[in-house]
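So you can see what is in the structure, the chains are spelled out below.
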Amino acid sequence: MDGAGGPGEGPAQEALQSLSRRLQVQEKEMELVKAALAEALRLLRLQAPPTSLQDPGTPGPTRDSSPAAPPGLPPTRSPSSVSRGTQTETEVETESSPGPPGLINGPAAPHGGGEEPGGTQSEGGGSSSSGTGSPGPPGLLRLVQPPQRTDTPRRNSSSSSSPSERPRQKLSRKAASSANLLLRSGSTESRGGKDALSSPGGPGSRRSNYNLEGISVKMFLRGRPITMYIPSGIRSLEELPSGPPPETLSLDWVYGYRGRDSRSNLFVLRSGEVVYFIACVVVLYRPGGGPGGPGGGGQRHYRGHTDCVRCLAVHPDGVRVASGQTAGVDKDGKPLQPVVHVWDSETLLKLQEIGLGAFERGVGALAFSVADLGAFLCVVDDSNEHMLSVWDCSRGTKLAEIKSTNDSVLAVGFNPRDSSCIVTSGKSHVHFWNWSGGAGVPGNGTLTRKQGVFGKYKKPKFIPCFVLLPDGDILTGDSEGNILTWGRSLSDSRTPGRGGAKETYGIVAQAHAHEGSIFALCLRRDGTVLSGGGRDRRLVQWGPGLVALQEAEGHTDELWGLCTHPFQNRFLTCGHDRQLCLWDGEGHALAWSIDLKETGLCADFHPSGAVVAVGLNTGRWLVLDTETREIVSDITDGNEQLSVVRYSPDGLYLAIGSHDNMIYIYSVSSDGAKSSRFGRCVGHSSFITHLDWSKDGNFIMSNSGDYEILYWDVAGGCKLLRNRYESRDREWATYTCVLGFHVYGVWPDGSDGTDINSLCRSHNERVVAVADDFCKVHLFQYPCARAKAPSLVYGGHGSHVTSVRFTHDDSHLVSLGGKDASIFQWRVLGPGGAGPAPATPSRTPSLSPASSLDV
């Protein structure tokens, strides 16, 4: 059989080579077709009669904001102006711009042609739906004659024509039909905007090259060309900084707690710190303010996991911690196996890995034994049978294993007085297991089961958590929001426990504690109990008799909206849980939260800090007073979701980017409380994703879902600037657009255009932070205008990172996790940061970058 495949390899290889040659021929033919189309359009512009809505005797507009052409280049003409504001909808066409002198390629333009094709070439390669004009300064795009090929014969080629005449003949045959096709095309996306000077890479590729005589660069996303003009002050890209930035990030604080869909997630260490997890980070929190504050309060973080943490257990010594992670994949698609980490909570060093390769899907629950000082570890995985296993902690060997149940198992624990008794709870059950150790021989142990009795109490759908009390009683938290107290009792013959036991556990008391399910219970040394709820977002401390002592709240669903205060260390978040939250970055606390009743997707503070604008998923947007939390404006624009809201730097305008492809502009009162419609920016062919204001507050740069980069003259009536070359030197108050010359180096090779969710330039314009789709935060130098720019990469989020923003003084960076609903506050260290790391560096270690990557 091995020899049978040999003879077939030759023909297969020849066929593959033949296909490759044909593909190369077709690619070069496409270059010729694109060149012909470009020349046909140029000839049409030269021959088409000028059309104007103005009277011949009326002088044209005198305003000309176009800069002079670069030295040695033909002068530019003023682009046509089309107002798209609400005050006027009149379109005015100007004369078509002549081509560069002396450029004569191809046949004469066909007579009797129709109108000049409409559409403005955007930097993203798509055509906008208004006006005419060239994609750059007139006279700069020169047609490059494709190299003649004589080595490979072309099918159906004419033997009577010389190689030098073939391009001209092809152009003659295609000019008229190609021009008519472009004139008839009503879809802006179908035009593509392909440049004749270079061909895009394949789908999903990202590559860049120089064109337009060195005044622009071009990159490709999903095969679409994106042209970006180089500022006049940059003579060569080699002058731009290279290498990673001197600034670094250190994880300062983690806001949030995973109480929505996890259990065994809240404990107290011997040090008095509360330990819990969110995303891939285990948080050790000490009350008392912040790092260096009263009582040494603050946070520390264990960050050894490579995927989301699902459960925790604390060793009886109060120092060692076991944490189990779920299965996953890395950014290259390689599987990450579930495993248990045992680590030291004082040094944050990993001591041991248990069960690598032994668990399926993830580690759902785990617990240390107590009676024998933590000699054993019990683990339940997330396989269909929810395998229950007992491990020797000192050796890392498995002593016993059994299929527990096909129903979900959500929590496990040893009886504190008898390690042979193990308790599990989950879907509609509480099970009590008897374990015989088998003399410590791996695999020789046995496990038998009996079940608790609910009696007259309603059996809940789920029992996600429990805590074992020193007197032998058990508290369970269930999906009804109740805390049940279980005590041992003699078996009733009418309701016997399974397994024929003579005594069983039954419910002796019940208390309603949360709205919705309870996901965690924790017994503190002072006898109080902590509980964490999911739906009500509450973390509650209970005293004797289950009396609530204090509580806190956080987000429970995907986060997208983030903005930082203009002059305070505060920031605001919103997301799919409909909560709008204002956070105190210095006190590391929630200042306030309100229920928006709808999903919040974006937000921005007015420069005064007195109000904040919030965009919702219904086309509705609100303006709220940050002190009273009252809604002072409630306006709806369209019925599509809003993706970005941004105040101008002087606070006189508010721009609202919508998924209906429009940017709505509002005039704003000095205090930000009142708004009135000023105009609309119409021209994008896909939904708005990002936008930024110029420093003078007169212009906007915007990105869209089809990778367009457009520029708008807002003060001049929301006009689309067709000559994008004139915006190359404009300075921007913020830089959050993910597409643009100053940041195109952040895009990795092979990107599909959705790999970067958010981008933010620091206020000192030294660095750029990037949120990607692979759970990472990147830090680049600014400007980042060199392909494959290196970055510092920071992990910790367990989901796609949706947004990043610097605080007003660049001392911190805030990042949002998507599905993990986490908020990370990073301290910026180095030349552009706030200075040295916080006090007690041994307890708040700085974060080293995961790697310095060439992307």
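Look up a bit, the structure's there.
Cut-off values and rules
Residues numbered from 1 in each chain as written. Predicted model: local features only at pLDDT ≥ 70, side-chain atom pairs only at ≥ 80, totals over all residues. Heavy atoms only, no water. Helix = DSSP H or I, 4+ residues; strand = E, 2+ residues; numbered from the N terminus. Buried < 20%, exposed > 50% of the residue type's maximum accessible area, 1.4 Å probe, protein only. Contact = heavy atoms within 4.5 Å. Areas by Shrake-Rupley, 256 points an atom, 1.4 Å probe, with all protein chains shown as cover. 1 Å grid on protein atoms, 1.4 Å probe; cavity = no way out; pocket = protein on both sides within 12 Å on 5 of 7 lines; lining within 4 Å. Points joined across faces, edges and corners; volume = space filled by probe spheres on them. Nonpolar A, V, L, I, M, F, W, Y, C, P; charged D, E, K, R; others polar. Phe/Tyr/Trp six-rings, centres within 6.5 Å; stacked < 30°, edge-to-face > 60°. Pairing = 2+ DSSP bridges. Axes fitted to C-alpha atoms, helices over the stretch in contact; angles between N-to-C directions. Disulfide = S-S within 2.5 Å. Polar contact = N/O pair within 3.5 Å; in protein donor to acceptor, adjacent residues only side chain to side chain. Salt bridge = Lys/Arg side-chain N within 4 Å of Asp/Glu carboxyl O.

S.K.: Any chance you could explain the overall build of the chain here in plain terms?
M.R.: Each helix and strand counted, the chain has three helices and 56 strands in total. Taken across its 855 residues, the chain has 53% of its residues classed as buried. For the chain, long-range pairs separated by at least 24 residues make up 51% of all intrachain contacts whose partners lie at least 6 apart in sequence. Of the roughly 36500 Å² that the chain leaves accessible, carbon and sulfur atoms contribute 51%.

S.K.: What am I meant to see in empty space enclosed by the protein here?
M.R.: Vacant regions in the atomic arrangement are exposed by a probe of water-molecule size rolled over the atoms. Using the criterion set out here, one finds five cavities of 30 Å³ or more in the structure. Reported here for the largest cavity is a volume of approximately 110 Å³. Considered class by class, the residues forming the lining of the largest cavity number seven nonpolar, three polar and four charged.

S.K.: How should I be thinking about the packing of aromatic side chains in this particular structure?
M.R.: The geometry of an aromatic ring pair is captured by the separation of the ring centres together with the interplanar angle, meaning the angle of the planes. Per the stated rule, a full pass over the model turns up 16 aromatic pairs. Taking 4.3 Å as the distance between ring centres and 0 degrees as the angle between the ring planes, the aromatic pair formed by Tyr 302 and Trp 343 counts as stacked. You can see Tyr 302 sitting in strand β10 (residues 298-302) and its partner Trp 343 sitting in strand β15 (residues 340-344), a full 41 residues away along the chain. Grouping residues by exposure puts Tyr 302 and Trp 343 together as buried. One aromatic cluster in this structure is built from Tyr 255, Phe 571 and Trp 583.

S.K.: Looking at this structure, how should I read the environment of Ala 591?
M.R.: When you line up the elements, Ala 591 lands in strand β36 (residues 589-595). The sequence separation of Ala 591 and Phe 571 amounts to 20 residues, and the corresponding C-alpha distance is 9.8 Å. Apart from residues no more than four positions distant in its own chain, Ala 591 is found in contact with Arg 570, Leu 582, Trp 583 and Asp 584.

S.K.: Sorry, what's going on with the sheet that holds strand β16 (residues 350-354) here?
M.R.: Backbone-to-backbone hydrogen bonds pair the strands of a sheet. The strands run either parallel or antiparallel. Strand order in the open sheet made by the four strands is β11-β12-β15-β16, with antiparallel pairing throughout. In the strand order of this sheet, the two ends are held by β11 (309-314) and β16, each with one partner. Recorded for the sheet is a direction-independent mean angle of 20 degrees between the axes of neighbouring strands. Direction of pairing for β11 relative to strand β12 (residues 320-325): antiparallel, over a ladder of five bridges. Residue Leu 312 lies in a different strand from β12, and its bridge partner there is Ser 323.

S.K.: Would you explain the state of the cysteines in this entry?
M.R.: Working definition: the covalent bond between the sulfur atoms of two cysteines is a disulfide. Counted by the stated rule, this structure contains zero disulfides. The thiol of Cys 775 is unpaired, and the distance to the nearest cysteine sulfur, on Cys 280, comes to 6.1 Å.

S.K.: Hey, could you run me through the environment of Ile 756 in this one?
M.R.: Looking at the element boundaries, Ile 756 is found in strand β49 (residues 756-761). With 45 residues separating them along the chain, Ile 756 and Val 801 place their C-alpha atoms 8.8 Å apart. Leave out the neighbours within four places in its chain, and Ile 756 touches Val 738, Val 746, Trp 747, Pro 748, Val 770, Ala 771 and Asp 772.

S.K.: What's the story with the pairing of strand β6 (residues 248-255) in this structure? I'm lost.
M.R.: Each regular strand shows side chains that alternate between the opposite faces of the sheet. Of all eight residues that make up β6, seven are buried, and the element is covered over most of its length. One ladder, built from seven bridges, connects β6 with strand β55 (residues 823-829); its direction is antiparallel. By the bridge assignment, Tyr 255 is partnered in β55 with Ile 823.

S.K.: Where do I start with the pairing of strand β52 (residues 790-794) in this structure?
M.R.: The element β52 is largely enclosed, with a buried count of five among its five residues. Alternating positions in β52 separate into two faces, Pro 790, Leu 792 and Tyr 794 on one and Ser 791 and Val 793 on the other, with burial throughout.

S.K.: When you look at the sheet that holds strand β45 (residues 688-693) in this model, what are you seeing that I'm missing?
M.R.: If you trace the four strands from one edge of the open sheet to the other, you get β45-β46-β47-β48, paired in antiparallel fashion. The open sheet has two free edges, formed respectively by β45 and β48 (719-720), since each of these has just one partner strand. Direction of pairing for strand β47 (residues 709-713) relative to β48: antiparallel, over a ladder of two bridges. Of the residues in β48, the one forming a bridge with Trp 712 is Leu 720.

S.K.: Could you clarify how one ought to interpret the side chain of His 812 in this entry?
M.R.: Among the secondary structure elements, His 812 is positioned in strand β54 (residues 812-817). Assessed through its relative accessible area of 7%, His 812 is described here as buried. A polar contact of 3.3 Å, which involves the side chain of His 812, links it to the side chain of Asp 252. Within the structure, the side chain of His 812 is placed 2.9 Å from the side chain of Ser 811, a separation counted as a polar contact. Excluding its chain neighbours within four sequence positions, the residues that come into contact with His 812 are Asp 252, Asn 569, Arg 805, Phe 806, Thr 807, Gln 825, Trp 826, Arg 827 and Val 828.

S.K.: Would you take a moment to explain the pattern of salt bridges for this structure?
M.R.: Opposite charge on two side chains lets them pair, provided their charged atoms get close. Under the defined criterion, the tally for this structure stands at 21 salt bridges. Residue Lys 350 is joined to Glu 353 by a salt bridge in which the shortest nitrogen-to-oxygen separation is 2.9 Å. Its relative accessible area of 43% is what places Lys 350 among the partly exposed residues. Connected via shared salt-bridge partners are Lys 695, Glu 731, Arg 761 and Glu 765.

S.K.: What should I look at first to understand the environment of Leu 475 in this one?
M.R.: Inspection of the secondary structure puts Leu 475 in strand β26 (residues 474-477). Counting along the chain gives 34 residues from Leu 475 to Ala 509, while the straight-line C-alpha distance between them is 9.4 Å. Aside from chain neighbours lying at most four places away, what touches Leu 475 is Cys 465, Phe 466, Val 467, Leu 469, Ile 483, Leu 484, Thr 485, Leu 521 and Val 529.

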